[in-house]
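In case you want the letters, here they are:
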Amino acid sequence: MITTYILCFFTGYLGVLMGLRLALDKVAVARHRVSSLQRDRVRQVAAIREVAKGCRTAKRKAADSDMLVGRLTAEVAKLEEKLKTVRKSDNRLVVLDERRLPEDHRWIVVISGAGGALPEATGEEGNENWSGNLRFLVWATTMERAVKKAATRFPPSRGFKIEVATTPNGAAANGSPSQPTAA
């Protein structure tokens, strides 16, 4: 009977040991899975932080790009306005004759054709082929002499109209003869 007890004791002990061994194996597998999940979590957190950092950088770059686009758009608008003013023929001032005497004054004369369009020039005067009004800088002692100088190059008989735009002091001229007078 004692052997039965001893046998039962060892069988129970062996059963408990086997149960503990299986439990310890399951605990080891669970620990391995938990540590693996923790490593994955650390990797995922690092990856999320890296993506967030990249997202912040991209967001800053996008904001900088938007600011740059705004500045470039404003600069384009300014340049287009400047281009419009440059394209206007009224802004040009053509020097009729560079020769001048010390007593000559500066006169601005506007030359145009009938109806605002200048007639087509032919032959040697091909440079007179333009339309609209052109402003010329003429050096002369009087307004009449300035008109006469301009009329020599652009005669009213060919349809040109000559008007004096400014006086030597830069003020606007009142009367503007289109026919030169003898000076």
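Structure first, text after, so check above.
What counts, and at which threshold
Residues numbered from 1 in each chain as written. Predicted model: local features only at pLDDT ≥ 70, side-chain atom pairs only at ≥ 80, totals over all residues. Heavy atoms only, no water. Core = buried A, V, L, I, M, F, W, Y, C linked by side-chain atoms within 4.5 Å. Buried < 20%, exposed > 50% of the residue type's maximum accessible area, 1.4 Å probe, protein only. Helix = DSSP H or I, 4+ residues; strand = E, 2+ residues; numbered from the N terminus. Contact = heavy atoms within 4.5 Å. Salt bridge = Lys/Arg side-chain N within 4 Å of Asp/Glu carboxyl O. Lys, Arg positive; Asp, Glu negative; His and termini not counted. Polar contact = N/O pair within 3.5 Å; in protein donor to acceptor, adjacent residues only side chain to side chain. Arc of directions from axis to C-beta. Pairing = 2+ DSSP bridges. Axes fitted to C-alpha atoms, helices over the stretch in contact; angles between N-to-C directions.

Undergrad: Give a description of the nonpolar core that names residues and reports values.
TA: Proteins that are soluble and globular tend to have nonpolar side chains buried together. The biggest cluster of nonpolar side chains holds 16 residues, and the ones touching the most others in it are V109, I111, F136 and I162. Elements with a contribution of two residues or more to this core: strand 2 (105-112), strand 3 (134-140), helix 2 (143-153) and strand 4 (161-166). Every residue in contact with V109, bar those within four places of it in the chain, is listed here: L134, R135, F136, V138, A150, I162, E163, V164 and A165.

Undergrad: Give a description of the pattern of salt bridges that names residues and reports values.
TA: Pairs may arise between side chains of opposite charge once their charged atoms sit close together. In this structure the tally under the stated criterion is five salt bridges. Of the charged contacts in the structure, one is a salt bridge between R43 and D40, with a shortest N-O distance of 3.0 Å. With R43 and D40 both in helix 1 (residues 2-87) and three residues apart, this pair spans about one turn of that helix. For R43, a relative accessible area of 52% puts it in the exposed group. On the basis of relative accessible area, D40 is assigned to the partly exposed category, the value being 30%. R99 is the partner of D97 in a salt bridge, and the nearest nitrogen-oxygen pair spans 3.3 Å. A residue is classified by how much of its surface remains accessible, and D97, at 19% relative accessible area, is buried. Look at R99 and you get exposed, because its relative accessible area is 63%.

Undergrad: Break down the side chain of D104 for me, with residues and values.
TA: One can find D104 in the loop between strand 1 (93-95) and strand 2. Despite its burial, D104 pairs with no opposite charge; the closest candidate is K149, at 4.6 Å N-O. Here L101 takes part through its backbone nitrogen, which lies 2.9 Å from a polar atom of the side chain of D104. Those residues in contact with D104 that sit more than four places away from it in its chain are W139, A140 and T141.

Undergrad: Talk me through helix 2; I want residue IDs and the actual numbers.
TA: Residues of helix 2 that are buried include every one of A146, V147, A150 and A151, and no others. The arc that holds the buried residues of helix 2, viewed along the axis, is 135°, so those residues lie on one side. The inward-facing, buried residues of helix 2 contact strand 2, strand 3 and strand 4.

Undergrad: I'd like to hear about the sheet that holds strand 3, residue by residue, with values.
TA: Read across the sheet, four strands follow the order 1-3-2-4 without closing on themselves; strand pairing throughout is mixed. Each having just a single partner strand, strand 1 and strand 4 make up the two edges of the open sheet. The sheet shows a mean angle of 40° between the axes of neighbouring strands, direction not considered. In this sheet, strand 4 lies alongside strand 2 in antiparallel orientation, the contact comprising five bridges. Looking at strand 4, one finds that I111 is bridged to I162.

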